[in-house]
Amino acid sequence: IENVMAVEITEFTSRSYGLTKADKTEATLAVDSDNSDAYDDLSDGINVTLHTVPADAKRFVVEILASASPDLDLRVGLDTNGDGIPQEDEEVGISATATALEKVDLIMPEAGSYWVAVQNWAASEEGAEDAYTLATAIVDAEAGDNLSIEADTAITALTEFDLRVKWSLDGALQGDMYYGALVLGTSFENA
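Quick notes on the rules
- Residues numbered from 1 in each chain as written.
- Predicted model: local features only at pLDDT ≥ 70, side-chain atom pairs only at ≥ 80, totals over all residues.
- Heavy atoms only, no water.
- Helix = DSSP H or I, 4+ residues; strand = E, 2+ residues; numbered from the N terminus.
- Buried < 20%, exposed > 50% of the residue type's maximum accessible area, 1.4 Å probe, protein only.
- Polar contact = N/O pair within 3.5 Å; in protein donor to acceptor, adjacent residues only side chain to side chain.
- Contact = heavy atoms within 4.5 Å.
- Core = buried A, V, L, I, M, F, W, Y, C linked by side-chain atoms within 4.5 Å.
- Pairing = 2+ DSSP bridges.
- Axes fitted to C-alpha atoms, helices over the stretch in contact; angles between N-to-C directions.

With respect to the helices and strands, Asn146 occurs in the loop between β9 (130–139) and β10 (147–150). Under the relative-accessibility criterion, Asn146 is labelled buried at 17%. Of note is the side chain of Asn146, whose polar atom sits 2.4 Å from the backbone nitrogen of Leu19. Beyond its immediate sequence surroundings of up to four residues, Asn146 is in contact with Gly18, Leu19, Lys166, Trp167, Ser168 and Leu169.

Laid out in structure tokens, this is it:
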């Protein structure tokens, strides 16, 4: 990663988490008959999955990787009342562009049960059950050994420098998705 700038770094430090292989879910979904309101009828054009995020997790990533539908929307919520049913006041992330390849990436998410709702906003054709692939990954607080980052040891404040990211994914196959997190520090005391 080139041309990064930071405050003065007297002793570059780093910690890595992940890389975590994403779980992939393949599903089909008919169009939502009232796409203006994702919460009006959760059995109409909406698929919901539940995920438990542990304490101190670094990331919770939800991403639509492929879709037959030209426009899916993605919502993520913290199930604060514990009923497992998506509600608008629980929503913590939304990706609703004019495409199907949506992504919500929560950094340092609160621990708890999360719902993920995929909405088919526009079907590929009338009456279609559009297939899609959803990737989900939770990067926990366990230090990883398959991801690292390097930089010069000492760097003057506001001086451009480069970061070198390295990874090793034994057994990874083409099409696999991995997510991680890096924590950078300016000295041993500020790791």
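Right, picking up where we left off after that structure.
Right, let's get into the nonpolar core. In terms of nonpolar packing, the biggest core is built from 18 residues, with Phe60, Leu74, Val76, Val118 and Leu134 touching the most fellow members. Among the secondary structure elements, those contributing two or more residues to this core are β4 (59–67), β5 (71–78), β7 (103–107), β8 (112–122) and β9. With four residues, β5 is the largest single contributor of residues to this core. Among the nonpolar cores identified, the runner-up in size contains eight residues, and Tyr17, Ala135, Val139 and Ala181 belong to it.

Okay, the sheet that holds β5 next. Read from one edge of the open sheet, four strands run β3-β8-β5-β6, paired in antiparallel fashion. A strand with exactly one partner marks an edge of an open sheet, and here the two such strands are β3 (46–53) and β6 (91–95). Shown here is a sheet whose adjacent strand axes are inclined to one another by a mean of 20°, direction ignored. As judged from the four bridges shared by β5 and β6, these two strands associate in the antiparallel manner. Following the sheet pairing, Val76 is matched in β6 by Gly93.

Distances and angles like these do not, on their own, reveal function.
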